[in-house]
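Breakdown of the fold
Listed below are the residues making up each chain.
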Amino acid sequence: MEITWHEDTCFLIKGKTKSLVINPHRKAGKLKGEIVLSSLDSKDFEAVEGSEKMFDWPGEYEIKNVPINAFEAWTASKSDSK
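These lines cover the structure that appears in this document, whether it is placed above or below.

Some points on the pairing of strand β9 (residues 66–70)
Where strand β8 (residues 59–63) meets β9, 5 bridges bridge the pair, whose relative direction is antiparallel. Bridging across to β9, Glu-62 finds its partner in Pro-67.

Details of the environment of Ile-35
Within the secondary structure, Ile-35 is located in strand β5 (residues 35–37). Once the C-alpha coordinates of Ile-35 and Met-54 are considered, the two residues, 19 residues apart in sequence, prove to be 6.1 Å apart.

Quick look at the packing of aromatic side chains
Tallied over the full model, the rule gives 1 aromatic pair. Centroid distance Phe-55 to Tyr-61: 4.4 Å. Interplanar angle 45 degrees. Geometry classified as tilted. With a relative accessible area of 25%, Tyr-61 lands in the partly exposed category.

Definitions and limits used
- Residues numbered from 1 in each chain as written.
- Predicted model: local features only at pLDDT ≥ 70, side-chain atom pairs only at ≥ 80, totals over all residues.
- Heavy atoms only, no water.
- Pairing = 2+ DSSP bridges.
- Helix = DSSP H or I, 4+ residues; strand = E, 2+ residues; numbered from the N terminus.
- Phe/Tyr/Trp six-rings, centres within 6.5 Å; stacked < 30°, edge-to-face > 60°.
- Buried < 20%, exposed > 50% of the residue type's maximum accessible area, 1.4 Å probe, protein only.

Here is the structure:
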């Protein structure tokens, strides 16, 4: 497995046969992956080449024999830190 960080919260995870992109953004350049996970309100997933499915909601999923357990996580915003 190969994990590449593309700044902010964007990661590319490559397995033997599948690739997964987490929180893609245009600054990362061209990204390729069959599966896209998003925890942000962004439409940049459309820029991921080869993406077949995007998940942006908690739940249990499976795509291309890849099991995904997505759960809701809280992230502090700048206004919360005051």
